[in-house]
Amino acid sequence: MQPDTFSQQKIEVNMLGEFSITINGHQLTNLKGRTKRVWMLIEYLLANRHKDISIDKLIEVLWPEDECKDPLNALKNLVYRARELLKRLSQDSRAEYIQYIRNTYSWNNSYPCIIDTEQFVELIKRGADDKLDVETRISAYKDALTLYRGEFLPKSAYSNWVISLSTYYANLYTESVQRVCRLLIQEHRFEEVIGVCDAALTHSPLEEPIHKMLLYAYLSTGQRNQALDHYNYVIQLFYKELGVDISESMRSLYKQLMNSINNVELDLSVIKNDLQESADIRGAYYCDYDTFKSFYRIQARTVTRTGNSVYIVLFTLNDLEGGIPKPKIAKLAAERLKSSILESLRKGDVVSAYSNTQFIVMLPLINYENAEMVAKRILQRFRFRYRRENVKVTTRINALDAQP
């Protein structure tokens, strides 16, 4: 093939979010079935296109479990099929995209090729260059973040080589989100911070620093309702997905949020509307543990004055030996226990997570016998919802102590 023919070729490759290869305007994506290993070969050669790959390395990548009886011939056949597929895609029967030189295979870089992962890394390097002006750096970071449409080669995520690169690009993405947000905060461009964080959380929903930056941006733009809603959402999200309470690390932002609620509102109906819950919410009130403590202290003061009884019930999940259940077991069991508690109680009852495997409940206007009945009803519902015999639930019931 003549040199000028190489320059006429145009190859574009996407690896972030979904793999696709486009040659001269013809795109191929989502190969399945018998072509899966062909797809893997093309992906690997493109991801390592500046390297010469040995036959042994390719065999290791393509048949990691040694399930191939004749790997040398299998590899030759695979390369042939990959070459033919790429020729059909480009509609150029003379094109040779995969090279074989001195017992190694490689992608033929004589063809101009644009790959999103390479652009992604280069743009981030530009954004990190503190010799450039702030606006140029922000623009580079934003362009890079736009390229990140999802994890690296998600359809091949089972492969060891993909796992390591996927982690690398995901970490690079979240670090870049934080870096560009810091630059935007320096420039007091808080609305842009909100946009960047909102987009980032679709890809990285459990990145605590991004949630913190979004909360800070909401506070800085006076959007206190959005900030409070997002704070509560984050607390619930982390508990549900990871079984952890992150309220401690967010407490300083929460205090800023509470301190920011100082604007004057003369229309009481506006304030009432802000205070009201959604009408379709049923069952007990669920809150973080800090809020639960506030409710407890209010009830303690009320009991002193009225003499009404209030009981506290602690539900604890254990394994069959009395220890803490394994994380996967604990997560599912805790979700079922939480829903059983909320659905079994009245709207005036308050519930919070005390730990990954414990829930604490406040039952006002009730006596000890009724508190026992409530606990029994919750356990019955939990056993109906959670049929596995790998956990047990213990309960402790105590009366709330009046404020001295």
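Residues numbered from 1 in each chain as written. Predicted model: local features only at pLDDT ≥ 70, side-chain atom pairs only at ≥ 80, totals over all residues. Heavy atoms only, no water.

### Re empty space enclosed by the protein
Rolling a probe over the atoms, with the probe sized like a water molecule, indicates the empty space that remains. Our working definition: Only protein atoms enter the 1 Å grid, on which a cavity is a set of points fitting a 1.4 Å probe that cannot get out and a pocket is an open set with protein on both sides within 12 Å along at least 5 of 7 lines, lining residues being those with an atom within 4 Å of a point. Grid points are joined across faces, edges and corners, and a volume is the space filled by probe spheres set on the points. Think of it as three bins: nonpolar holds Ala, Val, Leu, Ile, Met, Phe, Trp, Tyr, Cys and Pro, charged holds Asp, Glu, Lys and Arg, and polar takes everything else, Gly as well.
One pass over the full model with this rule turns up one cavity of 30 Å³ or more. Space inside the largest cavity adds up to approximately 30 Å³. In this structure, the largest cavity is lined by Leu215, Leu219, Ala227, Tyr231, Leu253, Tyr254 and Leu257. Taken together, the residues of the lining of the largest cavity sort by class into seven nonpolar, no polar and no charged.

### So, the packing of helix 9 (residues 208-220) against helix 10 (residues 224-242)
Filter applied, for reference: Here an axis means a line fitted to C-alpha atoms, over the contact stretch when the element is a helix, while the angle between two N-to-C directions is reported on a 0 to 180 degree scale. Secondary structure is summarised from DSSP: a helix means a run of H or I of at least four residues, a strand means a run of E of at least two, and numbering begins at the N terminus for each. For classification purposes, angles smaller than 35 degrees are called roughly parallel, those larger than 145 roughly antiparallel, those between 65 and 115 roughly perpendicular, and all remaining angles oblique. Left-handed describes a crossing whose near helix is turned anticlockwise from the far helix through less than a right angle; right-handed describes the clockwise counterpart. Throughout, a residue-residue contact means that at least one pair of heavy atoms, one from each residue, lies within 4.5 Å.
Direction vectors running N to C along helix 9 and helix 10 enclose 165°, while the axes themselves pass 9 Å from each other. For the element pair helix 9 / helix 10, the angle class is roughly antiparallel. Relative to helix 10, helix 9 is oriented so that their crossing is left-handed. In this structure, helix 9 contributes Glu208, His211, Leu214, Leu215, Tyr218 and Leu219 to the contact, and helix 10 contributes Gln226, Ala227, His230, Tyr231, Tyr233, Val234, Leu237 and Phe238. When its residues are assigned to classes, the contact of helix 9 with helix 10 shows ten nonpolar, three polar and one charged.

### A few points about the packing of helix 14 (residues 327-344) against helix 15 (residues 368-385)
Two numbers describe how helix 14 lies on helix 15: the axes approach to 9 Å, and their chain directions differ by 135°. Considering their axes alone, helix 14 and helix 15 lie oblique with respect to each other. Where helix 14 crosses over helix 15, the handedness of that crossing is right-handed. Here Ala333, Arg336, Leu337, Ser339, Ser340, Ile341, Glu343 and Ser344 of helix 14 come into contact with helix 15, specifically with Arg377, Ile378, Arg381, Phe382 and Arg385.

### Examining the packing of aromatic side chains
How we decide: Between the rings of Phe, Tyr and Trp (Trp by its six-membered ring), a pair exists once the centres lie within 6.5 Å; its type follows the angle of the planes, with under 30 degrees stacked, over 60 edge-to-face, and the other angles tilted. For every residue, the accessible area obtained with a 1.4 Å probe (protein chains only) is divided by the maximum for its type, and the residue is called buried under 20%, exposed over 50%, and partly exposed between those limits. For a ring to carry a charge above it, either NZ of a lysine or CZ of an arginine must fall within 6 Å of the ring centroid while also lying within 35 degrees of the normal to the ring plane.
Counted by the stated rule, this structure contains 17 aromatic pairs. The interplanar angle of 25° and the centroid separation of 5.9 Å between the aromatic rings of tyrosine 97 and tryptophan 107 together place this pair among those described as stacked. Here tyrosine 97, found in the loop between helix 4 (71-90) and strand 5 (98-101), pairs with tryptophan 107, found in strand 6 (residues 104-107); they are ten residues apart in sequence, far enough to count as distant. Classification of tyrosine 97 as buried rests on a relative accessible area of 2%. Ring geometry for tyrosine 289 and phenylalanine 292: centres 6.3 Å apart, planes at 10°, overall stacked. Note that tyrosine 289 and phenylalanine 292 are positioned in helix 13 (residues 289-306) at a spacing of three residues, about one turn of the helix. By relative accessible area, tyrosine 289 is classed as partly exposed at 25%. The residue whose ring lies beneath lysine 338 is tyrosine 286, and the NZ or CZ to ring-centre distance is 4.0 Å.

### Considerations on the pattern of salt bridges
Quick reminder of the rule: Should a side-chain nitrogen of Lys or Arg be within 4 Å of a carboxyl oxygen of Asp or Glu, the pair is scored as a salt bridge.
Evaluation of the coordinates by the stated rule reveals 19 salt bridges. Arginine 189 is the salt-bridge partner of glutamate 135, the closest N and O atoms lying 2.8 Å from each other. Placement of glutamate 135 in helix 6 (residues 134-147) and of arginine 189 in the loop between helix 7 (160-186) and helix 8 (190-203) is noted, with a sequence separation of 54 residues between them. For glutamate 135, a relative accessible area of 43% puts it in the partly exposed group. Through salt bridges that share partners, Arg83, Glu84, Lys87 and Glu96 make up one connected network.

### Regarding the sheet that holds strand 2 (residues 20-23)
Formally: Strands were regarded as paired on the criterion that DSSP finds at least two bridges between them.
The strand order 3-2-1-7 describes an open sheet built from four strands, whose pairing is mixed. Of all strands in the sheet, those bounded by a partner on one side alone are strand 3 (26-29) and strand 7 (113-115). The average undirected angle you get between the axes of adjacent strands in this sheet is 15°. Two elements, strand 2 and strand 3, share four bridges in a ladder whose sense is antiparallel. Note on strand 3: the bridge partner recorded for isoleucine 21 is leucine 28.

### Concerning the state of the cysteines
Counted only if it meets this: Sulfur atoms of two cysteines make up a disulfide when they are within 2.5 Å.
The full count for this structure, using the stated rule, is zero disulfides. Residue cysteine 181 stays outside any disulfide, its sulfur separated by 3.7 Å from that of cysteine 197, the closest cysteine.

### Comments concerning unusual backbone geometry
Positioned with a positive phi, glutamine 91 is a non-glycine residue whose angle comes to about 60°. With respect to the element layout, glutamine 91 can be found in the loop between helix 4 and strand 5. At leucine 153, a residue that is not glycine, the phi angle is positive and equals roughly 45°. Structurally, leucine 153 is set in the loop between helix 6 and helix 7.

### Section: the pairing of strand 5
Summarising the sheet, strand 5 and strand 6 pair through four bridges and their orientation is antiparallel. Within strand 6, the position partnered with tyrosine 100 by the bridge is tyrosine 105.

### Things to note about the sheet that holds strand 10 (residues 350-355)
Overall, mixed pairing links the five strands, which are arranged 8-10-11-9-12 in an open sheet. Across the chains shown, the open sheet's two edge strands, defined by having one partner strand only, are strand 8 (285-286) and strand 12 (392-399). Pairing of strand 9 (residues 310-318) with strand 12, which is carried by eight bridges, proceeds in the antiparallel orientation. Each residue of the ladder has a partner; that of leucine 317, found in strand 12, is valine 393. Helix 13 rests against strand 8, strand 9, strand 10 and strand 11 (358-364) of the sheet, and its axis sits at about 30° to strand 11.

### Quick word on the confidence of the model for the chain
Rule in force here: Every residue carries a pLDDT, the predictor's confidence in it, which falls somewhere between 0 and 100.
Overall, the predicted model of the chain reaches an average pLDDT of 86, with 88% of residues at or above 70. Low pLDDT, under 50, characterises residues 263-267; the stretch is placed with three contacts to residues that sit more than four places away or in other chains.

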